[in-house]
Amino acid sequence: MAVRTTSKTYDPFMVIKARDMIKLLARSVPYEQALRVLEDDIFCEVIKIGSMVRNRERFVKRRQRLIGPNGSTLKAIELLTHCYVMVQGNTVSVLGPHRGLKEVRKIVEDCMNNVHPVYNIKALMIKKELMNKPELKNESWDRFLPKFKSKNVKKKKANIKPKKEYTPFPPPQPLSKVDMQLESGEYFMREHEKLQKKMEQRQEKQKVAKDENQRKRALAFVPPEEPDRKKAAEQQTEKTDVDVEKLKKKLKKQDKLSKKMKLSSSQA
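Conventions used here
- Residues numbered from 1 in each chain as written.
- Predicted model: local features only at pLDDT ≥ 70, side-chain atom pairs only at ≥ 80, totals over all residues.
- Heavy atoms only, no water.
- Buried < 20%, exposed > 50% of the residue type's maximum accessible area, 1.4 Å probe, protein only.
- Helix = DSSP H or I, 4+ residues; strand = E, 2+ residues; numbered from the N terminus.
- Contact = heavy atoms within 4.5 Å.
- Polar contact = N/O pair within 3.5 Å; in protein donor to acceptor, adjacent residues only side chain to side chain.
- Pairing = 2+ DSSP bridges.
- Axes fitted to C-alpha atoms, helices over the stretch in contact; angles between N-to-C directions.
- Core = buried A, V, L, I, M, F, W, Y, C linked by side-chain atoms within 4.5 Å.
- Patch = residues over 30% accessible without salt bridge, like charges linked within 9 Å, V, L, I, M, F, W, Y side chains within 5 Å.
- Areas by Shrake-Rupley, 256 points an atom, 1.4 Å probe, with all protein chains shown as cover.
- Salt bridge = Lys/Arg side-chain N within 4 Å of Asp/Glu carboxyl O.
- Parallel < 35°, antiparallel > 145°, perpendicular 65-115°, else oblique.
- Left-handed = near helix turned anticlockwise from the far one by under 90°.
- Disulfide = S-S within 2.5 Å.

What should I look at first to understand helix α4 (residues 72–81) in this one?
Two residues of an α-helix separated by three or four positions point the same way, owing to the 3.6 residues in each turn. The set of residues buried in α4 consists of T73, L74, I77, E78, L80 and T81. Here the buried face of α4 lies against α3 (56–67), β2 (84–88), α5 (98–112) and α6 (117–131). Immediately downstream of α4, the backbone of H82 shows phi near 60 degrees, a positive value.

Whenever I open this one, the side chain of E78 confuses me. Can you help?
Mapped onto the elements, E78 comes out in helix α4. A distance of 3.2 Å separates the side chain of E78 from the backbone nitrogen of V85, its partner in a polar contact. Excluding residues within four positions of it along the chain, E78 makes contact with C83, Y84 and V85.

Looking at this structure, I do not really get the environment of L101. What am I missing?
Relative to the helices and strands, L101 resides in helix α5. For L101, a relative accessible area of 6% puts it in the buried group. With near-sequence residues (within four places) excluded, L101 lies in contact with F43, C44, E45, C83, V94, L95 and G96.

What exactly am I supposed to notice about the sheet that holds β2 here?
Whenever strands of a sheet pair, they do so through backbone hydrogen bonds, lying parallel or antiparallel. The antiparallel open sheet is built from three strands, whose spatial order is β1-β3-β2. Two strands close off the open sheet at either side, each with one partner strand: β1 (43–48) and β2. Shown here is a sheet whose adjacent strand axes are inclined to one another by a mean of 15 degrees, direction ignored. Pairing analysis gives five bridges linking β2 to strand β3 (residues 91–96), with the strands arranged antiparallel. When the bridges of β3 are listed, V85 appears paired with V94. Lying over the sheet, helix α1 (residues 14–26) contacts β1 and β3, oriented at roughly 45 degrees with respect to β1.

Would you mind going over the nonpolar core with me for this structure?
Nonpolar side chains tend to gather and get buried jointly when the protein is soluble and globular. If you look at the biggest cluster of nonpolar residues, it comprises 21 residues, and the most contacted ones within it are L66, V92 and V94. In contact with V94, not counting residues within four places along its chain, are F43, C44, E45, I47, C83, Y84, V85, L101 and V104. V29, V37, C44 and Y84 belong to the second largest nonpolar core, which has ten residues in total.

Mind showing me how you'd approach a nonpolar patch on the surface here?
A cluster of nonpolar residues, V178, L182, Y187 and F188, forms a patch on the protein surface that exposes about 410 Å² of accessible area. For L182, the position within the fold is in helix α7 (residues 177–184). L182 gets classed as partly exposed once you look at its relative accessible area, which sits at 39%.

Is there a simple way to think about the packing of α4 against α6 in this case?
In a packed pair of helices, the relevant descriptors are the angle between the two axes and the axis-to-axis distance. It is the contact of α4 with α6, at a shortest axis distance of 10 Å, that shows an interaxial angle of 30 degrees. With respect to α6, the axis of α4 lies roughly parallel. Once α4 is placed against α6, the crossing between them reads as left-handed. Contact residues: α4 offers T73, A76, I77, L79, L80 and T81, while α6 offers P117, I121, L124, M125 and K128.

Can you help me understand the state of the cysteines in this one?
A covalent bond between the sulfur atoms of two cysteines is referred to as a disulfide. With the rule as written, the count across this model stands at zero disulfides. The structure places no disulfide on C83, whose sulfur is separated from the nearest cysteine sulfur, that of C44, by 11 Å. When its relative accessible area of 5% is taken as the criterion, C83 is described as buried. C83 provides the cysteine sulfur closest to C111, a residue in no disulfide bond, and the two sulfurs are 17 Å apart. Classification of C111 by relative accessible area gives buried; the value is 0%.

Function cannot be inferred from these measures alone, as they are strictly geometric.
The structure is reproduced here in structure tokens:
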């Protein structure tokens, strides 16, 4: 695609506008939206976000965070900034007035720096409400805007499995069914002998299972242990025993104190 002027071109800046339109069409912006850039008060910007985050998985997550569930975050940004925003690959194409372009660029850069777009959207909503109040025109809006503190969230430690020692030799091959039969001698047995052996093994398993079931059933009939009442009575008597000598001393002290109090009151 090329841009050329004709004798009918009265606005020389239209060459730059046409270049921007081609740039937007190359970034998969719909034709109806890209055509708006030819208007006087509409401008465009292509923000490159591919180099902002090195880790690919982290980059994809943050780009998806900018779009939001079912495109809700992107729609909110468009409504507040009066811009058309298109997230495509490693770029974000923005189309709208100068002030809106500035705000969208800030939101995109913050999102790539791990700041959720919701914080900036909330600030824009408050600013939009304050713009409708003429009495706050010459005042600072900092007291109305939210202040968010960054929190260091502890990450879960990855379960790193210890590495096994390197050996150039492969692991030993597991024995096949035939090898196991050869070791046990079952391979050389006749059919009726094999059947008889299987029957014996099955009967042994059944016997073990039967014994286990009988043991579990018998547990229900085991009487509970009754508490020893004699020991309990002895413990109670030990607890209730009173030291008579200590009690006498305590009472004597109380009598002395009461007499002193009476003397002091009579002298007064």
